[in-house]
Amino acid sequence: TTTGEFTMKRQWMGCSLLAAVACSSIALAATDADVDKSFFPYRNGVPAFPGVKPGLVIGKDNVEPFRNAVDPALYQHLKDGWLEIPVGPTTSLDLHPNYVDATRKNLNKVKLGAQPGEITGFVAGRPFPEEPDLKDPRAGEKLAWNFKYLINYGDNGAITPFYWTFRDLNSGKIERRLNFSFHFLNYKHRVIEPPLPEVTPNPSQLFRGIYAKVLEPLDVKNTQLLIQRFSDDLKRDDAYLYLGFQRRVRRLATGQVTDAFLGSDLMVEDFEGYNGRISDMVWTYKGTADMLAPFFNHNEQKLSDEFKEPDGYKFIAFGGKGGCFPIVSWQLRKMYVLEARPVDPGHPISKRVYYVDSQTFTMSRTLIYDRKGELWKSFTVGKSLPDHHLPENKGSGTPVDDFFSMVDVQSKHCTTGQFKAHMGGKLTPVSLFSVQNMRGGD
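Anyway, here's the lowdown on the structure attached to this text. Residue numbers run consecutively from 1 along every chain, following the written order of its sequence. Local features in a predicted model are, by the rule used here, given only for residues with pLDDT of at least 70; side-chain atom pairs are given and counted only at 80 or more, and totals for whole chains, interfaces and linings are based on all residues. Values shown for side chains rest on all heavy atoms present in the structure; no hydrogens or waters enter the calculation.

Structural notes on the pattern of salt bridges
Close approach of charged atoms allows side chains with opposite charge to pair. By convention in these notes, a salt bridge is any Lys or Arg side-chain nitrogen within 4 Å of a carboxyl oxygen on Asp or Glu. Counted by the stated rule, this structure contains 25 salt bridges. Between Arg 104 and Asp 36 there is a salt bridge whose closest N-O contact spans 2.5 Å. Of this pair, Arg 104 sits in helix α4 (residues 97-105) while Asp 36 sits in helix α2 (residues 32-39), and the two are 68 residues apart along the sequence. Think of it in three bands: with a 1.4 Å probe and only protein chains considered, a residue is buried below 20% of the maximum accessible area for its type, exposed above 50%, and partly exposed in between. Using a relative accessible area of 28% as the deciding quantity, one classes Arg 104 as partly exposed. Residue Glu 339 is joined to Arg 341 by a salt bridge in which the shortest nitrogen-to-oxygen separation is 3.0 Å. The buried category is assigned to Glu 339, whose relative accessible area is 8%. For Arg 341, a relative accessible area of 36% translates into the label partly exposed. Runs of E in the DSSP output that reach at least two residues are strands. Runs of H or I that reach at least four are helices, and both are numbered from the N terminus.

Below, the structure written as structure tokens:
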């Protein structure tokens, strides 16, 4: 992996709509070598960009030579002096061997259906480990499926405590802070923790559950969110909200997943980078580039003394303009550029541009554009290597979410998140992911 210039692969994109099926069918079958390249991209060398070396700090005074090593929004943030980026060495984040083995075992069994959101033959692992091709009109959709079935939190995991802080970007004033617990559970396609390969009984044929509960402050304490995602991507999620002060559960209407969640700068649809159906977006692969991304070792960062945990755990610290930016090291990584445009013309955004890590398929950077096509929000999610985090996460073979920063560049506001993430099922019993659990009381 060499070239650091942000130059997209110059491949012919002339597949007409009429020829799309034929064009996608000529792709060669994936091989074991493709699997190795997908999961171990740095085995034969790490990305390079002229002048980018560990120890370099990129800021407003020296950003220009490195503008193609970052995305356009981050370049502008750096140029404006909103933050600085210390560069660390590129490290391989090796995923759990069971996930890699499942990919090999099921190689070439997965096929896209006639329309977006349809897929057949998927069992477990990474559905499409082959390198994306700009000549393939459905390459973006395949990357989206790889994201949907990534190994995030393993088969199940939790974040608790999880501090969300609302800040004024200009003044740095903290306006509000929420403390959550978040829980994630894969019902199907499990490869690490029993029960394998799926949770039973599962009469609704769910793929994944997300459950969140507000722990503080008092005025929103016990507010709960439950998302039940079905195996059938064409079926809309069931989503429920419990408001503690009303003491009742109500189903979220479809449009509410794109509203500001509890007054923050995030939509429910923004969770984990994208929290929705494949079929709700038109996915377009835009190319591959070696770029800086927030991957690091948690225990080697400058950590915050703001919160006190009984086990001594310290959270990622924030600084920069308004206190809206993480103080962490970034590293050069091979990234896929993926654009998602909503199918619904009434959606509040025109598109998201994702910078997807090719090894883990996590979305470390997302640029969100308003309906006029202007940059609206700049979203960053940082990943720690699991062996440099909590002792319980060592050997989990999954990226550890460590912070998020959602900056609304139009309203000059931000919401930041500081994680204490736990891999494994200890904090994620199946009983959490039910409407009955939400009604359980304070």
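After that view, the rundown keeps rolling.
Here we look at α2
Among all positions in α2, only Val 35, Ser 38 and Phe 39 are buried. Around the axis of α2, the buried residues are gathered within 80 degrees of arc, so they sit on the same side. Here a residue-residue contact requires only that any non-hydrogen atoms of the pair lie within 4.5 Å. Lining the buried residues of α2 we find α4. What the arc describes is the spread of directions from the helix axis to the C-beta atoms.

Structural notes on the nonpolar core
Counting 35 residues, the largest nonpolar core has Phe 162, Trp 164, Phe 180, Phe 182, Leu 225, Phe 271 and Phe 404 as its most contacted members. Of all the secondary-structure elements, those providing two or more residues to this core are β5 (156-168), β6 (174-186), β7 (206-216), β8 (224-230), β9 (238-243), β18 (375-384), β19 (400-408) and β20 (413-423). Residues within four places of Phe 162 in sequence aside, it is in contact with Leu 178, Asn 179, Phe 180, Phe 182, Phe 404, Gly 417, Gln 418 and Phe 419. Among buried residues, those of type Ala, Val, Leu, Ile, Met, Phe, Trp, Tyr and Cys that are joined through side-chain atoms within 4.5 Å constitute a nonpolar core.

A look at the packing of aromatic side chains
Aromatic pairs are defined between Phe, Tyr and Trp rings, using the six-membered ring for Trp, whenever the two ring centres lie within 6.5 Å; interplanar angles under 30 degrees are classed as stacked, those over 60 as edge-to-face, and all others as tilted. In total, this model carries 33 aromatic pairs according to the counting rule given. Ring centres of Phe 122 and Tyr 149 lie 4.0 Å apart, and the angle between their planes is 15 degrees; on these two criteria the pair is classed as stacked. Residue Phe 122 is found in the loop between β4 (119-120) and α5 (139-148), and its partner Tyr 149 is found in the loop between α5 and β5; the two are separated by 27 residues along the sequence. Tyr 149 shares its class with Phe 122; the two are buried. Ring plane angle 45 degrees and centroid distance 5.8 Å describe the contact between Tyr 336 and Phe 361, whose orientation is recorded as tilted. Pair noted here: Tyr 336 is in strand β15 (residues 331-342) and Phe 361 is in the loop between β16 (349-357) and β17 (363-370), with a separation of 25 residues, a long-range link. Phe 361 matches Tyr 336 in its accessibility class, with the two residues each being buried. Pairwise contacts between aromatic rings join Tyr 153, Phe 162, Trp 164, Phe 180, Phe 182, Phe 184, Phe 261, Phe 271, Phe 379, Phe 404 and Phe 419 into one cluster.

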